[in-house]
Amino acid sequence: MKKSDIAPFFAVLKAANPTPQTELEYTTVFELLTAVLLSAQATDVGVNKATRKLFPVANTPQAILNLGLEGLESYIKTIGLYRSKAKHLMETCRMLVELHESKVPDTREALEALPGVGRKTANVVLNVAFGQPTMAVDTHIFRVSNRTGLAPGKNPLEVEKQLLKRVPAEYAVDSHHWLILLGRYVCQARKPRCWECVASQYCDFKPKTPAPPAGKKS
């Protein structure tokens, strides 16, 4: 993607969705951290189903600790890798209580020191909760960045660095939401829905996928 096309690319995405939001459900920064931690290799829909039952009962670090490991597992057992995630979340809650007065820290170093919180999770929390222009590169963003030519890279870190370099400042905070949603619903892995993409004119992907014949489901 040419540098001159990047701002128009994001401008049309913004026009179509001026205030993009994460699809994970949360009401506090701790709930967000919990949901993101649980979402690794799981769908947002699946995480939301579990947290709708968990959060009314326990939505603070101490409340999670009070549940105990087995109690926590009973709420999240429908999520993939729930046993390891439960252990990580319990230890994270213990650290938040003991080291951070039960508050979620707002620095990358402190977040990544929490069990189960890697770079991507930290980036999501820093962006969504604290408004920092970070890039949480998941499979959708990795695919979209490479396919469109926006920010090519061989691994997530390379793509992240390219995005931080190439995305205009005025779009930086919301850009990761736009790219995730684009990848999830339009620029899909097996068959990109190019005919539905508002930004297709700026995309390097060739040839564009044609719309299915009238009356046939795509």
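Coordinates for the structure precede this section.
The rules behind these values
- Residues numbered from 1 in each chain as written.
- Predicted model: local features only at pLDDT ≥ 70, side-chain atom pairs only at ≥ 80, totals over all residues.
- Heavy atoms only, no water.
- Axes fitted to C-alpha atoms, helices over the stretch in contact; angles between N-to-C directions.
- Helix = DSSP H or I, 4+ residues; strand = E, 2+ residues; numbered from the N terminus.
- Left-handed = near helix turned anticlockwise from the far one by under 90°.
- Contact = heavy atoms within 4.5 Å.
- Nonpolar A, V, L, I, M, F, W, Y, C, P; charged D, E, K, R; others polar.
- Disulfide = S-S within 2.5 Å.
- Buried < 20%, exposed > 50% of the residue type's maximum accessible area, 1.4 Å probe, protein only.
- Polar contact = N/O pair within 3.5 Å; in protein donor to acceptor, adjacent residues only side chain to side chain.
- Phe/Tyr/Trp six-rings, centres within 6.5 Å; stacked < 30°, edge-to-face > 60°.
- Lys NZ or Arg CZ within 6 Å of the ring centre and 35° of its normal.

Quick notes on the packing of helix 8 (residues 139-148) against helix 9 (residues 156-166)
Stage number 1. At a closest axis distance of 10 Å, the pairing of helix 8 and helix 9 adopts a crossing angle of 65 degrees. Crossing hand, helix 8 versus helix 9: left-handed. Residues Ile141, Phe142, Ser145 and Asn146 of helix 8 pack against Pro156, Val159 and Leu163 of helix 9.
Stage number 2. Split into classes, the residues belonging to the contact of helix 8 with helix 9 amount to 5 nonpolar, 2 polar and no charged.

Some details on the state of the cysteines
Stage number 1. This structure, assessed with the given rule, holds 0 disulfides.
Stage number 2. Free cysteine Cys197: the closest other cysteine sulfur is in Cys203, separated by 6.7 Å.
Stage number 3. On the basis of relative accessible area, Cys197 is assigned to the buried category, the value being 18%.
Stage number 4. With no disulfide partner, Cys203 has as its closest neighbouring cysteine sulfur the one in Cys187, 6.2 Å distant.

Comments concerning the side chain of Thr51
Stage number 1. Looking at the element boundaries, Thr51 is found in helix 3 (residues 44-54).
Stage number 2. Looking at Thr51, the relative accessible area reads 2%, which means it is buried.
Stage number 3. A distance of 3.3 Å separates a polar side-chain atom of Thr51 from the backbone oxygen of Asn48.
Stage number 4. Excluding anything up to four places from it in sequence, Thr51 contacts Glu25, Leu38 and Pro56.

Concerning the packing of aromatic side chains
Stage number 1. Scanning the entire structure with this criterion turns up 4 aromatic pairs.
Stage number 2. Ring plane angle 85 degrees and centroid distance 5.1 Å describe the contact between Phe9 and Phe10, whose orientation is recorded as edge-to-face. Residue Phe9 shares its accessibility class with Phe10, and that shared class is buried.
Stage number 3. For the pair Phe10 and Trp178, a centre-to-centre distance of 6.3 Å together with 45 degrees between the ring planes defines the contact as tilted. Placement of the pair is Phe10 in helix 1 (residues 3-16) and Trp178 in helix 10 (residues 172-185), with a sequence separation of 168 residues.
Stage number 4. Taking relative accessible area as the criterion, Phe10 reaches 0% and is therefore assigned buried.
Stage number 5. Classification of Trp178 by relative accessible area gives buried; the value is 5%.
Stage number 6. Taken together, the aromatic side chains of Phe9, Phe10, Tyr171 and Trp178 make up a single cluster linked through ring pairs.
Stage number 7. Directly above the aromatic system of Phe205 lies the positively charged group of Arg147, at a separation of 5.3 Å from the ring centroid.

The quantities given are spatial measurements derived from coordinates; they are silent on function.
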